[in-house]
Each structure stands twice: as structure tokens, then as C-alpha cells.
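One-letter residues, chain by chain:
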Amino acid sequence: MAAAALHDVVQLRPLHSLQQRKDRGPRFRGRLAFPQLYSNKPPILGLGYGNRSFITCYRDQSIESGGSVLGVSEIKEKCSKWQWKGQYSINYFVSSSSNAESNPPLLLAHGFGASIPHWRRNIGTLTQDYTVYAIDLLGFGASDKPQGFSYTMEAWAQLILDFLNEVVQKPTMLIGNSVGSLACVIAASESSQNLVRGLVLLNCAGGMNNKAIVDDWRIKLLLPLLWLFDFLLKQKGIATAIFERAKQRDNLRNILLSVYGNKESVDDELVEIINGPANDEGALDAFVSIITGPPGPNPVQLMPRINLPVLVLWDDQDPFTPLDGPVGKYFSSPPSQLSNLSLFVLEGVGHCPHDDKPDLVHEKLLPWLAQLTAL
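So, how was this worked out
Residues numbered from 1 in each chain as written. Predicted model: local features only at pLDDT ≥ 70, side-chain atom pairs only at ≥ 80, totals over all residues. Heavy atoms only, no water. Disulfide = S-S within 2.5 Å. Buried < 20%, exposed > 50% of the residue type's maximum accessible area, 1.4 Å probe, protein only. Helix = DSSP H or I, 4+ residues; strand = E, 2+ residues; numbered from the N terminus. Pairing = 2+ DSSP bridges. Right-handed = clockwise from strand over helix to strand, strands pointing away. Phe/Tyr/Trp six-rings, centres within 6.5 Å; stacked < 30°, edge-to-face > 60°. Lys NZ or Arg CZ within 6 Å of the ring centre and 35° of its normal.

Below, the discussion takes up the state of the cysteines. Following the criterion strictly, the structure yields zero disulfides and no others. Among the cysteines around C184, which has no disulfide bond, C204 carries the closest sulfur, lying 8.7 Å off. Classification of C184 as buried rests on a relative accessible area of 1%. For C204, a relative accessible area of 0% corresponds to the buried category.

Below, the discussion takes up the pairing of strand β7 (residues 172-177). Burial of β7 is extensive: six of the six residues sit out of reach of the surface. The alternating pattern of β7 places T172, L174 and G176 and M173, I175 and N177 on opposite faces, both of which are buried. Where strand β5 (residues 106-109) lies against β7, four bridges are found, and the strand directions are parallel. The residue of β7 that forms the bridge with L106 is M173. Pairing of β7 with strand β8 (residues 196-202) involves six bridges; the strand directions are parallel. In the sheet register, M173 faces β8, and the bridge partner there is G198. For the crossover that starts at β7, traverses helix α4 (residues 179-190) and ends in the parallel β8, the hand is right-handed.

Burial along strand β6 (residues 132-135) is two-sided: the face carrying V132 and A134 and the face carrying Y133 and I135 are both buried. Where strand β4 (residues 88-95) meets β6, four bridges bridge the pair, whose relative direction is antiparallel. Note on β6: the bridge partner recorded for Y92 is I135. In terms of strand pairing, β5 meets β6 through four bridges, oriented parallel. The residue bridging A109 from the neighbouring strand is I135, located in β6.

This part is about the packing of aromatic side chains. Under the definition given, this model contains 13 aromatic pairs. When the centroid spacing of 5.4 Å and the interplanar angle of 70 degrees are considered together, the rings of Y330 and F331 count as edge-to-face. Pair check on accessibility: Y330 and F331 agree, each one buried. Following the ring pairs from residue to residue traces out a cluster consisting of W84, Y88, F112, F140, F149, Y151, W156, F243 and F287. A cation sits over an aromatic face here: K364 above F344, 5.8 Å from the ring centre.

Before going further, it helps to examine unusual backbone geometry. Non-glycine residue K85 carries a positive phi angle of around 55 degrees. Along the chain, K85 turns up in the loop between β3 (79-84) and β4. With a phi close to 60 degrees, S178 is a non-glycine residue in the positive phi region. One can find S178 in the loop between β7 and α4. With a relative accessible area of 4%, S178 lands in the buried category.

Geometric values such as these leave the question of function open.
Written as C-alpha cells, this is what we have:
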């Protein structure tokens, strides 16, 4: 949601780039523990490419999401603090079950403006079989928002690696959304201690802000406006006015409605998840630094360096990181450029699939994790 502050200036609309393919033959059992699929079952999830095989995605009625949606207060009560670099307080959550002992732990990394409770619809399901960690990146949620800190993608990636090394202390599956995905990619590309077991990328961002995607014609058209916006944000009074307007609940709700496919998922609790931390001291400085700072490494450049298993879930209605943008095209170009990567496109979903339509995410994520942990 890094483009949220531009919502009142430029109306961003979802881009539909996939055409429904008419299948000509029987379905097949995929490599990711899918059930047997037959040609008389209508596709509802979309198209995907997995390990160089073309896959049409269907709902498996035998896979239920399980678990319950955790309330924000329940999540906050279970959170703890960890001191990063001896000076920054980082908020994190951990939950487990008896079934998790033999499986690798999971670490959830949220996107721009979000925090740990954004995973409220996923933690209950994942905890049934895994130890689940979730972290508030520096500058977000209940983690510190230090005055004058220069936020970068590299800093967040190092935070993740240090957290794995000092707190989790086991090879871990990283699951991220948006800039959280990119932070996970950078962390995996830089890890030299076998801290990362695999990656799950939910609508991976191309950079910390939109200036990273210079190859996208839409960004090229907007680039002068983005630079002007950067200039305005560096004026304290203007930045304060923009930020105060952006974090108003009605404005936040409208922004969220524009990036969610399932409008029912945009509830009061979600608005509060975004709004609450935005009122903290240091939140304005974090907002300005992230929007105006360097975009950081591009995932297209980093992915060839990663030999770990990678699951990519992308949504066909994402206005911020569209499937037909440079990063989306890289991950979705058939056949896959990387043999260790599996991609699934989810239909009717926006920028935050795990909260937008969590069941669709779980239907792809859980079998992939199960197969990986069985190896």
C-alpha cells in the first residue's frame, strides 16, 4: 500500500491482464500435492505456472481454512519485545501447537502501513501445524519509530536476518506481503548461515516505493508527480497535512476498498489496524522517509541468486503491483525463468491476498508447505 498517499491525487485502478484459457484436455495432479482434478470442474482461482508446468487452479473442497480469525486484542496480548542492535524495540508475535515440533517455523512480514494483526485471518490456520512468528518491521505497528532514522529495504532485511539468528534460531520459512516480500527476498539473497528454508511471496513489491519501477510506462508517466510529491513531503507542514488526511478513517477505508477484491474484508478492525500505529510518535517521520527514500534492490535482480524453494501468489486485481508490470511479468513469464519457483494467480483478489481472501491463499500455501516439509 505504498501508493496510498497518492490516492487523492491519482486514481489507481486494478489492471486485468489475464484471459481465461479454454482447457482442451483432462486436468492433472500437480507437483504441489493438489487433489485429482477433472475437466468438468469449473476453474475459480485462475492460471499459474509451477516448476515449468502450466497449471489451472481450482478450489479443492477438501481443504478447509481451519482455525479462527484472531482479534487484534488477542494478538497484542501475545506479543513480546526484542531489542534490535541494542537500541530499537521490535514487536513480535509467536504461537505454536504440538503438531509444529517437526516442521520448520514460519515468519510473517507485513507490507507498507500494516502490522502483525494484518495476519489475523492466517495465524490460526498456520499455527495448527507450524510455529508462527510475526514481526512489526521498524517504523510500523508497535515497533519503535525512531526520529531521524533513514528507512531502507536493506535495513528491514537485516532486521529479519538478525531476528532469525537471535530469536528463532532455526531455518525458517519467510512469508511476506508487498514490501515485506521484498525484505524477505533481500534477506534470503544475503543469508549465509542457512537461516532461510524457503520463501512465500504475496504480491512482491518492486521497491520500497514506486520510484523503483522505472520500466513501467505507468510509473514513467507519474514520475514527475512522484518527484513533486517527494519534494512536498520534505516540507514539514505539508507532510503533516498530507499524513493527517491520509490516516483519517474514512480515507483509509476508501483506500483499502480500492485495493481489496473482497470488500467485506475491509472492516472496522482492518481500518484500526492501519490507523492505530499511524498515530504514534515517529509515524510521520517513518512515512516521509519510506516514501521519499531510495527504493532499494529490485527483486528481479535478486531472484537468480536464490536457490531456495519459492512460492509466489499474485492477484489479478492488484493496482499497486499489477501482474502486467515489470515485476509481475518476471514472475509470471512462461515457462518460469526459475525452476525453484511456483506461481499461482488468484482471481478477484487485490494487493493483500492473505487478508482479502485468506482461504484462496491457504489452499495454495498449505499443500506447498506440507510437501516442502515432507522432503
